[in-house]
Amino acid sequence: MQNNVEKKKRITLTSKEVSELIAEGIVTVILLLLLNVAIMVLFTQMLNNSPDLSDAIYRSKNIFANSLDSDIFWSGRNFVIPFFGIIDILIVFWRLIRRYRQMQLRHIINELHYIANGNYDYRIPFELRGDLSKVVDSINGLVDSTVAAIEDERAIEKSKDELITNVSHDIRTPLTSIIGYLGLIEDRQYQNTDEILKYTSIAYKKAKQMKSLVEDLFEYSKVRQPSVPVNNVSFDMVQLLEQLAADFELEAKKKEIQILVDTTESQLVMDGDTEKLVRVFNNLITNGLKYGTHADKIIIKIEKAKNEAVITVQNNGQPIPREALDQLFDRFYRVDESRSQEISGTGLGLAITQNIVNLHGGYIYAQSNDDWTSFIIHLPLHKNQVKVLSDNR
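The rules behind each value
- Residues numbered from 1 in each chain as written.
- Predicted model: local features only at pLDDT ≥ 70, side-chain atom pairs only at ≥ 80, totals over all residues.
- Heavy atoms only, no water.
- UniProt positions renumbered as here; feature names shortened; annotations may be inferred.
- Helix = DSSP H or I, 4+ residues; strand = E, 2+ residues; numbered from the N terminus.
- Buried < 20%, exposed > 50% of the residue type's maximum accessible area, 1.4 Å probe, protein only.
- Contact = heavy atoms within 4.5 Å.
- Pairing = 2+ DSSP bridges.
- Axes fitted to C-alpha atoms, helices over the stretch in contact; angles between N-to-C directions.
- Parallel < 35°, antiparallel > 145°, perpendicular 65-115°, else oblique.
- Left-handed = near helix turned anticlockwise from the far one by under 90°.
- Nonpolar A, V, L, I, M, F, W, Y, C, P; charged D, E, K, R; others polar.
- 1 Å grid on protein atoms, 1.4 Å probe; cavity = no way out; pocket = protein on both sides within 12 Å on 5 of 7 lines; lining within 4 Å.
- Points joined across faces, edges and corners; volume = space filled by probe spheres on them.

In the nomenclature of an unreviewed UniProt entry, the protein corresponds to histidine kinase from the organism Enterococcus viikkiensis. You can read under Catalytic activity (unreviewed entry) in the UniProt record for the protein the words "ATP + protein L-histidine = ADP + protein N-phospho-L-histidine." Heading Subcellular location (unreviewed entry) of the UniProt record for the protein holds this comment: "Cell membrane".

This is how it looks when you write it as structure tokens:
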């Protein structure tokens with residue numbers, strides 16, 4: 001969002017407002033003069049009707065005049081007129097300041113109406129003092145937060161639309177094949193039993209592909225929730241990854257890929273949700289086996305760096321283009337669309353991986369060059385270190 005206000009400026013009163021301010025001052029002065037005269041008349045009447053009060057004032061004048069050896073105290077005008085003058089000036093000043101503040105507030109309200117009419121890039125530019133300055137800052141801050149909320153809402157709506165579009169596309173493709181081949185069987189458009197088996201086999205594979213997509217969507221939606229529970233237990237990361245490497249050994253052997261665990265740690269005890277973390281490394285290893293074209297090695301490196309575990313899953317297959325690295329963790333993103341259609345995959349694996357890592361207070365990123373394509377994960381060793389790791393990112 002770009003703010004149209006480049007610098008603060010003072011409020012400039014219109015000629016009408018200046019006239020109002022002058023009229024306010026004149027009316028206030030006239031009213032005060034009338035009030036002063038009324039007070040003087042009442043005070044004079046009180047002196048005429050109360051000899052004791054008049055005598056007391058005379059004695060007081062005599063005492064001050066004799067004590068200070070000055071005749072100034074004999075004339076009441078020397079005190080009354082300056083006194084009324086000071087009070088009148090203070091009242092006029094207070095009235096004009098009050099009126100000026102009201103005019104400033106009117107300008108602020110007009111600016112607020114302008115913003116409320118849809119000009120969300122605009123901010124109230126006035127340089128003020130005191131409480132009005134706090135009001136302007138609060139209004140600008142509220143507009144900023146409102147605009148941010150609107151943009152977030154738009155992003156969420158756009159994200160939902162993209163999700164529906166991508167899910168519809170990914171489900172429609174295998175569903176079309178399933179309906180097509182089952183339709184051939186329904187219409188008896190086959191020559192023999194072998195053709196029936198061929199059609200049902202293809203339909204079955206496409207159904208499994210749809211099942212995988214639905215499961216990944218469910219998992220993605222689940223780990224996207226900030227309130228999803230993380231069942232932390234203490235476990236040995238080295239042992240977990242060695243077991244996973246052994247589980248993939250047969251599949252890797254078929255593809256002539258060797259899976260190695262490289263670490264100097266005999267064990268690395270840490271806290272985490274092992275079920276979710278297994279999903280993370282399953283996704284990364286599977287990703288290497290599916291898309292690591294021409295790879296013959298997948299290496300899992302385990303390191304301890306201060307209060308965090310750094311796990312790198314890398315393969316020496318075809319490198320990922322630089323422009324694709326930043327989008328790898330976007331849902332449904334595939335580096336090579338044509339290749340991805342040949343190799344079953346939902347495009348949600350890395351998005352799920354990133355969300356699970358985030359739930360553990362860690363982060364993941366990818367690097368790729370001609371030698372290695374690496375996915376590097378940083379995870380806090382213990383639950384109470386999650387905030388520290390987040391602050392250091």
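(A) Looking closely at the environment of aspartate 121. Structurally, aspartate 121 can be placed in the loop between α3 (77-116) and α4 (131-186). Taking the relative accessible area as the measure of exposure, aspartate 121 reaches 37% and is therefore partly exposed. In this structure, the C-alpha to C-alpha distance between aspartate 121 and valine 147, residues 26 residues apart in sequence, is 8.4 Å.

(B) The arrangement of the environment of isoleucine 311 in detail. Turning to its location among the elements, isoleucine 311 is positioned in strand β5 (residues 308-315). Spatially, the C-alpha atoms of isoleucine 311 and serine 374 are 10.0 Å apart, while their sequence positions differ by 63 residues. Apart from residues lying up to four places away in sequence, isoleucine 311 is in contact with Met237, Leu241, Phe281, Ile300, Lys301, Phe375, Ile376, Ile377 and Leu379.

(C) Geometry of the sheet that holds strand β2 (residues 258-263). One open sheet accounts for five strands, arranged β2-β4-β5-β7-β6; its pairing is mixed. In this open sheet, the two edge strands, each paired with only one partner strand, are β2 and β6 (363-368). Sheet twist, expressed as the mean angle between neighbouring strand axes with direction ignored, is 15°. Bridge analysis of β2 against strand β4 (residues 297-305) gives six bridges, and the strand direction is parallel.

(D) Up close: the packing of helix α5 (residues 193-224) against helix α11 (residues 349-359). Their axes nearest at 9 Å, the elements α5 and α11 cross at an angle of 25°. Judged on the interaxial angle alone, α11 and α5 are roughly parallel. Crossing of α5 against α11: the hand is left-handed. Of the residues in α11, those touching α5 at Asp216, Glu219, Tyr220, Val223 and Arg224 are Ala351, Ile352, Asn355, Ile356 and Leu359. In terms of residue class, the contact of α5 with α11 is made up of six nonpolar, one polar and three charged.

(E) Just the side chain of histidine 360, in detail. Its place among the elements puts histidine 360 in the loop between α11 and β6. Look at histidine 360 and you get buried, because its relative accessible area is 7%.

(F) Looking closely at empty space enclosed by the protein. Counted by the stated rule, this structure contains one cavity of 30 Å³ or more. Looking at the largest cavity, its volume works out to about 30 Å³. Residue lining of the largest cavity: Leu284, Gly288, Ile298, Val313, Gln314, Asn315, Thr373 and Phe375, and that is the complete set. Listed by contribution, the elements that provide at least two residues to the lining of the largest cavity are α8 (274-291), β5 and β7 (373-380). A per-element tally of the lining of the largest cavity places β5 first, with three residues. Looking at the lining of the largest cavity residue by residue, the classes come out as four nonpolar, four polar and no charged.

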